[in-house]
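If you want the building blocks of each chain, they are given just below.
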Amino acid sequence: MRDKIVAGNWKMNLTFEQALQLANDVNTWVAENKTDAKVIIAPSSIYLQAIQETVDEQFVQVASQDVSNAEKGAYTGDISAEQLDSIGINTAIVGHSERREYQQETDEVIAKKLEQLFAKDITPIFCVGEKLEEREADKHFEVVKTQILNALNPQQVENLSKLVIAYEPVWAIGTGVTASPAQAQEIHAYIRTVLKDAYGEKIAEETSILYGGSVNAQNAKEIFSQPDIDGGLVGGASLKYDDFVQIIAACK
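A.B. asks: Help me understand the pattern of salt bridges in this model?
C.D. replies: Two side chains of opposite charge can pair, provided their charged atoms sit close to one another. Tallied over the entire structure, the rule returns 15 salt bridges. A salt bridge links E105 to K113; the shortest N-O distance between them is 2.5 Å. Comparing E105 with K113, the two get one shared label, buried. With its nearest N and O atoms 3.5 Å apart, the salt bridge here joins K162 to D121. Of the two residues, K162 sits in the loop between helix 7 (140-152) and strand 6 (164-167) while D121 sits in the loop between helix 5 (107-119) and strand 5 (123-128), which places them 41 residues apart along the sequence. Note on K162: relative accessible area 25%, which makes it partly exposed. Using a relative accessible area of 51% as the deciding quantity, one classes D121 as exposed.

A.B. asks: For this particular structure, what's the right way to read the packing of helix 5 against helix 7?
C.D. replies: Between two packed helices, both the angle of their axes relative to each other and the distance between the axes serve to describe the pair. Direction vectors running N to C along helix 5 and helix 7 enclose 50 degrees, while the axes themselves pass 8 Å from each other. If you check the angle between helix 5 and helix 7, you find them oblique. Where helix 5 crosses over helix 7, the handedness of that crossing is right-handed. When helix 5 is examined against helix 7, the residues D107, I110, A111 and L114 are found in contact with a partner set consisting of T146, Q147, N150, A151 and L152. Tallied by class, residues from the contact of helix 5 with helix 7 come to five nonpolar, three polar and one charged.

What counts, and where the lines are drawn
- Residues numbered from 1 in each chain as written.
- Predicted model: local features only at pLDDT ≥ 70, side-chain atom pairs only at ≥ 80, totals over all residues.
- Heavy atoms only, no water.
- Salt bridge = Lys/Arg side-chain N within 4 Å of Asp/Glu carboxyl O.
- Buried < 20%, exposed > 50% of the residue type's maximum accessible area, 1.4 Å probe, protein only.
- Helix = DSSP H or I, 4+ residues; strand = E, 2+ residues; numbered from the N terminus.
- Axes fitted to C-alpha atoms, helices over the stretch in contact; angles between N-to-C directions.
- Parallel < 35°, antiparallel > 145°, perpendicular 65-115°, else oblique.
- Left-handed = near helix turned anticlockwise from the far one by under 90°.
- Contact = heavy atoms within 4.5 Å.
- Nonpolar A, V, L, I, M, F, W, Y, C, P; charged D, E, K, R; others polar.

Written as structure tokens, this is what we have:
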């Protein structure tokens, strides 16, 4: 049975006080309401430990927005998997399109980041997705398959059971434009086929695949109702308490 997951990626938003308040409010809501989804929040790195110590992990888990591709050393500003593990962080986002674009992260770098996380038994939320021009050129399947295989082929297959994938059409992130439920389902099913062909049916059927791309309180229920969509990686809407808890409630 695949996990249902709603993960809020807070990106570079919220003051410390705002982040603590939102984390506590979400934690209280999840504690008081029966939910089918595992709830994850990814605040800025400087808040990780404080929020980790504030929420109850049986209701809300805390994730890092990134991890270094190096084990340790002279990498100013980076955070290692070992450091995340040392403060109890057990989930990290890897390969987000913003990292790929603004920090020029390649598939090879992302593969090394996955290796670091697997070595510390930290669950990666591994992001894949195409740009608008790639979809318009009908290359979205090819792009996504290449991203998956380049990052996952170097891994030990037994580690892939710890993986979560997030499909995020880059053209839909923060734009208000969302892939239609049919479009999203089509590529989620394709991702599952890629996993099956490369790593076996068990991995394919047990891997949670999330949709990320302008998920909001209005469209979440229809998106999450698709058979191969197991939840969402939520950006802007996760910063708004009322919207975020409605999205969590929609994930059944």
